[in-house]
Amino acid sequence: MPDSSSTPKNYLGVPVKRPKVAFFELSSCEGCQLQMLNNESSLLAFLDLVEIVRFREAMSGGGDDYEIALVEGSVTRSDEVERLKIIRAQARLLVALGSCACFGGVNQLKNRFPLDWVKREVYGEHPIDTAPARPLSDFVAVDLKIYGCPVKKEEVERIVTDLVIGKDIAYPDYPVCMECKANGNLCLFELGEPCLGPVTRAGCDAWCPNSRAGCWGCRGPATDANLAQMLAIMDERGFSRETVIDRLECFGGFASQVAALRAAGGHR
Amino acid sequence: MKVDCDISVRHLTRVEGHGNIRIRIEDGELREALWEVVETPRFFEAMLVGKRWDNAPWICGRICGICSIGHTLASIRGVENAFGIIPSLQTARLRLLLKHMETLQSHVLHLFFLVAPDFLGEASVLPLIRSRPEVVALAAGLKGLANDLCDEVGGRRLHPTRTVVGGFTMLPDRRRLSGFRARLLEAAEGLKQAAAIFKGFRLPDFVRETEFVSLKGEGEYPFIGGSLISSDGVTRPEPDYRLMTNEYLVLQSTSKWSKLSRDSFAVGALARVNNNFRLLRPEARELAREFGLVPVCHNPYLNNIAQLVECLHVTGDAIRLLDELLGSAWEQPRLEVTPQAGRGVGAVEVPRGILYHAYEFDEVGRIVSCDCVIPTSQNHANIQHDLTALARQSARQGLGDREIERLAEMLVRAYDPCISCSVH
C-alpha cells in the first residue's frame, strides 16, 4: 500500500485526513466498482484523497479497518446478508453503490415470478440457493445512496470528496428532463421514443437522452415526481402501458408505482 | 523431495467475481485440487421471459461490468437474426470498432491491473503508481483511449446507450472521430512498450494438451458472428452452438460447465490466436512469434500474451475501420424493426471467448425463452483440469506452499475469468 497513508493531504489549502475506504460486491455485474478504474484521467488524484484498503477485484490482501464501505449489488442469498451485517458493524459510513444496492436493480426483475419457477427455468432440477433480490436497506441501515446503472464516476468522486472534506451531500431534486433541456437536446418524445426523463431523479446529466436513448429510470423517482402527468404524456404519444411498465420496473426504483399501475390495469 | 501442502484461497483476488481454490498434497501425492465457483446467480434467462424484444440488449448488457458491450452486441445479433434483420455496412463497421475498443480496454485492464502485479511482486497496481509510474501511465493511457472511443461510438463505456436492434440511436461526431486516429497510432507505439515490459516477465512453464474453440475467421480475424471451429477439427454453424457448449451442472460450481470432444475445452484469446493465426495483422503475428506463441500453443499462461497480440491487432484494425467510416458519408443510423415469431442466435467473440445469446420470440416479439452461454462457463472445466495437472506437476517438483499457491492463482488469472458473468 502507499506509504504515505497517514500523511494529511491538502484540499484547497485545507488539510484533510485520508479516510480508509473499502469496496464490496454482492450480486452484481461489478460494473460500478469498475467505473472507478474507468476514470483514467482523475483516478490518481482520487487515490490521493482516500486510502483504499480493500478492493478485491483490483487488489490482493487488504485490511478490515475501513471507515467508509461502498457496497455494490443486491442481496440474493443468506450468506450475503451475513457479509453485509459484518460490513455494517465495521463501517462508520455504509454507502449503497448503484441501482442494485439502492433498489435491487435489474436483479429484482426475477421477483416478478415464483422463485421455484425461476430456479427451474435456469438450473432445472439442480439444487441452487437463491432468494428474491432485495436492496441493502432491507437488511441494514444505509447512510448514503449513490444512484445509477451504472453509477456516474464523476458523481462518486464528488460525493466521496464531499465526505472527506465534511461537506453536506446534496442530490438534485429535479428530474432528468431538466438536465436534458439544459443540454439543448431534442426531446425524445418528438423523435418518437419513450422516456422516463420527466420523473427520474437527475444527477446523471441526462446520460442516455444525450445519446438519443430514452431514460429507463435507473436512478429512481425525482422528489415530487408527477407520475400521473408522465402517464398522460405516454398515452398522448401512443406508448403502451406495457412499454411504460417495462421501463419503470427495470431497475426497481419505481417499485411502488409499478405495483399501483399493475393493480389498476391488471398488467402481466 | 516429498511435500505436504494445504492451500485454501477464498474469494480469489484480481479476478472478476467470486471463486475459491483448494489444493491438498500429502507426502508428495496430490489429494485434491479444486476450482470452486461460489458466485450468486442472478437469473437473467428467467427475468427476460415475457419482456418485449427491445428489453433484451438493455437488460442483458448488464450481465457483465467488463464486457457489457459484447453482451449488448450478442443480444442485438440474436434479436436481429430472429427477425431477419441484416445490419448495414456502416452499422457493422461501427459495431466492430466498438467491439475492438472493448477488447483493448478489457485486455489492458487484465494485463496491467490484474496480471502484472504478480510478475512485479506486488499485491495490486496501487504500489506500482509509485514504484513503476511509467507502467501505470502507459496502461492508463491505452485504457483511456479505448474507453473514450467506446464513449464516442457507443455513447457510454459501460452499459452502452446508443447500441440498439437495427443499428445506433445516434452516430459519432465526425470531427471527434477523426481525432482518434492519432491516438490509435500512439497506442500502437505504446503497445510495443507494453510488449517490452512483458518480455521481462518469466511466464510459468506448464503445458497441458487442450482443445481450443473459437469462432472461425472467414477472410478476417473473427469477432462478430459466424461458425465455430475447434483445434480438434470440429466446426458448427452459429445456430447450432448447443452442440458445442453442451452445458451441464456440477456441484462445485454455481456456473454451468461445458465439453466438446474431450473432458473440457478452452476459449478466449489463446484459442482465437491458435485457430486464426494467419488472419492476424502482420505486426500482431510478428509479436506473437517474438514470444514463441505459434499455433497450437498449449500453455494456458500464454493467454496473457495472446491478449497482448490481440491488443495490437485490434488497434491496427480500428485505424482501418476509422478510415473506412470517415471515407464514406453517414447513412441512416438505424433500420426499422418488425418483430416476428422465431428463434435467433448471436455469437460474439468477447475478450474471454465465444459468447452466445439465443432468444425465442412469439409473434409480437415477446421473449418466450432465452439462453446465454458465457465464455468463462465454457472455461471452468478446463481451469479445473489445468489446476489438477499443475498441482500434480508442482507436487512432483517439490515446490513449496507459497509457490504452488502463486502458480495456481496466476493460472486462474491467466484465463481472465469473468465469474459473475459466468453465473449470471
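Residues numbered from 1 in each chain as written. Chains lettered and ligands numbered in written order. Predicted model: local features only at pLDDT ≥ 70, side-chain atom pairs only at ≥ 80, totals over all residues.

### Some remarks on the overall build of chain A
Item 1. In terms of helices and strands, chain A carries ten helices and seven strands.
Item 2. A compact globule built from 268 residues would reach a C-alpha radius of gyration of about 18 Å, and chain A, at 20 Å, matches this within 12%.
Item 3. By principal-axis analysis of the C-alpha atoms, chain A measures approximately 60 × 55 × 30 Å.
Item 4. Expressed as a percentage of the 268 residues in chain A, the buried residues total 48%.
Item 5. Taking as baseline every contact in chain A between residues at least 6 positions apart, the subset at least 24 positions apart corresponds to 73%. (Helix = DSSP H or I, 4+ residues; strand = E, 2+ residues; numbered from the N terminus. Rg over C-alpha atoms; globule rule 2.2 N^0.38 Å. Buried ≥ 20, exposed ≤ 12 C-beta atoms within 10 Å, placed from the backbone. Contact = placed C-beta atoms within 7 Å.)

### Concerning the nonpolar core
Item 1. Formed by 201 residues in total, the largest nonpolar core has its most connected members in Ala69(A), Val71(A), Val309(B) and Tyr356(B).
Item 2. Ranked by residues supplied to this core, first place goes to helix 4 (residues 89-119) of chain B with 13 residues.
Item 3. Looking at which domains feed residues into this core, each of domain 1 (9-165) and domain 2 (176-265) of chain A supplies at least three.
Item 4. Beyond its immediate chain neighbours, meaning those up to four positions away, Ala69(A) contacts Ala22(A), Phe24(A), Ile87(A), Ala91(A), Leu94(A) and Val95(A). (Core = buried A, V, L, I, M, F, W, Y, C linked by C-beta atoms within 7 Å. Domains from an automatic or database assignment.)

### Brief notes about the packing of helix 3 (residues 68-83) of chain B against helix 4 of chain B
Working note: a packed helix pair is described by the angle between its axes plus the distance between those axes.
All names here are of chain B.
Item 1. At their nearest, the axes of helix 3 and helix 4 sit 9 Å apart, and the two run at 150° to each other. Relative to helix 4, helix 3 is oriented roughly antiparallel. For helix 3 against helix 4, the interelement crossing comes out left-handed. The residues of helix 4 that touch helix 3, namely those facing Ile69, Gly70 and Leu73, are Arg95, Leu98, Lys99 and Glu102.
Item 2. Its residues placed into classes, the contact of helix 3 with helix 4 shows three nonpolar, one polar and three charged. (Axes fitted to C-alpha atoms, helices over the stretch in contact; angles between N-to-C directions. Parallel < 35°, antiparallel > 145°, perpendicular 65-115°, else oblique. Left-handed = near helix turned anticlockwise from the far one by under 90°. Nonpolar A, V, L, I, M, F, W, Y, C, P; charged D, E, K, R; others polar.)

### Observations concerning the interface of chain A and chain B
Item 1. Chain A puts 47 residues into the contact, and the matching count from chain B is 49 residues.
Item 2. Breaking the side of chain A that touches chain B down by element, the ones donating at least two residues are helix 1 (31-37), helix 5 (115-123) and helix 9 (241-249) of chain A.
Item 3. Across the side of chain A that touches chain B, the residue classes break down as 22 nonpolar, 13 polar and twelve charged.

### A look at the pairing of strand 3 (residues 20-25) of chain A
Residues and elements named next belong to chain A.
Item 1. Where burial is concerned, most of strand 3 is hidden: six out of the six residues are buried.
Item 2. Residues Lys20, Ala22 and Phe24 of strand 3 are buried on one face, and the alternating residues Val21, Phe23 and Glu25, pointing to the opposite face, are buried as well.
Item 3. When strand 3 meets strand 4 (residues 51-55), the two strands line up parallel, connected through four bridges. Its bridge partner being in strand 4, Val21 is matched across the sheet by Ile52. (Pairing = 2+ DSSP bridges.)

### Some remarks on the sheet that holds strand 2 (residues 19-26) of chain B
All names here are of chain B.
Item 1. A sheet is described by the order of its strands in space; here three strands give the open sequence 1-2-3, paired in antiparallel fashion. Looking at the sheet topology across the chains shown, the edges are occupied by strand 1 (5-9) and strand 3 (29-37). Strand after strand, the sheet turns through a mean of 5° between neighbouring axes, direction not considered.
Item 2. Looking at chain direction, strand 2 and strand 3 are connected through eight bridges and run antiparallel. Bridge pairing in strand 3 places Asn20 opposite Glu36.

### Section: the pairing of strand 2 of chain B
Residues and elements named next belong to chain B.
Item 1. Side chains Gly19, Ile21, Ile23 and Ile25 project from strand 2 onto a buried face, and the interleaved Asn20, Arg22, Arg24 and Glu26 project onto a face without burial.
Item 2. One ladder, built from five bridges, connects strand 1 with strand 2; its direction is antiparallel. Of the residues in strand 2, the one forming a bridge with Ile7 is Ile23.
Item 3. Hairpin connection of strand 2 to strand 3: two residues between the antiparallel strands, including Asp27 at a positive phi of 50°.

### Side note on the domain arrangement of chain A
Residues and elements named next belong to chain A.
Item 1. Segmenting chain A into domains produces domain 1 (9-165) and domain 2 (176-265).
Item 2. Relative placement of domain 1 and domain 2: their C-alpha centres are 25 Å apart.
Item 3. The partner domain 2 presents 13 residues to the 13 residues of domain 1 that form the contact.
Item 4. Among the elements that line the side of domain 1 that touches domain 2, the one with the most residues is helix 4 (residues 99-103), at three residues.
Item 5. Partitioned by chemical class, the residues of the side of domain 1 that touches domain 2 number six nonpolar, five polar and two charged.

### Structural notes on the packing of helix 12 (residues 375-397) of chain B against helix 13 (residues 401-414) of chain B
All names here are of chain B.
Item 1. Remark: helix 12 packs on helix 13, axes separated minimally by 10 Å, with the N-to-C direction vectors making an angle of 155°. The orientation of helix 12 with respect to helix 13, classified from their angle, is roughly antiparallel. Viewed along their axes, helix 12 and helix 13 form a crossing whose handedness is right-handed. Where helix 12 abuts helix 13, its residues Ile383, Asp386, Leu387, Leu390, Ala391 and Ser394 lie against Ile404, Leu407, Ala408, Leu411 and Val412.
Item 2. Looking at the contact of helix 12 with helix 13 residue by residue, the class counts come to nine nonpolar, one polar and one charged.

### Regarding the environment of Arg181(B)
All names here are of chain B.
Item 1. Tracing the sequence through the fold places Arg181 in helix 7 (residues 174-199).
Item 2. For Arg181, a count of 14 C-beta atoms within 10 Å corresponds to the partly exposed category.
Item 3. Sequence spacing of Arg181 and Arg320 is 139 residues, and the spatial spacing of their C-alpha atoms is 9.6 Å.
Item 4. Residues contacting Arg181, with those up to four places away along its chain left out, are Ile319 and Leu322.

### Quick look at the confidence of the model for chain A
Residues shown with low pLDDT carry predicted positions that ought not to be read at fine detail.
Item 1. Looking at chain A, the pLDDT average stands at 90 and 94% of residues meet or exceed 70.
Item 2. Within chain A, the element-level pLDDT minimum falls on strand 1 (residues 9-11) of chain A, averaging 66, and the maximum on helix 4 of chain A, averaging 98. (pLDDT = per-residue confidence, 0-100.)

### Let's talk about the environment of Leu196(A)
Residues and elements named next belong to chain A.
Item 1. Here Leu196 is to be found in the loop between helix 7 (176-182) and helix 8 (227-236).
Item 2. Accessibility expressed as a C-beta count within 10 Å gives 28 for Leu196, which makes it buried.
Item 3. In this structure Leu196 touches Cys215, Trp216, Gly217, Arg247 and Leu248, once residues within four positions along its chain are discounted.

### Section: the sheet that holds strand 7 (residues 228-230) of chain B
Residues and elements named next belong to chain B.
Item 1. Across the sheet, which stays open at both edges, the three strands sit in the order 6-7-8 with antiparallel pairing between neighbours. At either margin of the open sheet sits one strand with a lone partner, and together these are strand 6 (213-215) and strand 8 (235-236).
Item 2. Where strand 7 and strand 8 come together, two bridges link them in antiparallel fashion. Bridge pairing links Ile229 to Thr235 in strand 8.
Item 3. Each of strand 6 and strand 7 is contacted by helix 9 (residues 269-276), which is oriented at about 70° to strand 6, the strand it contacts most.

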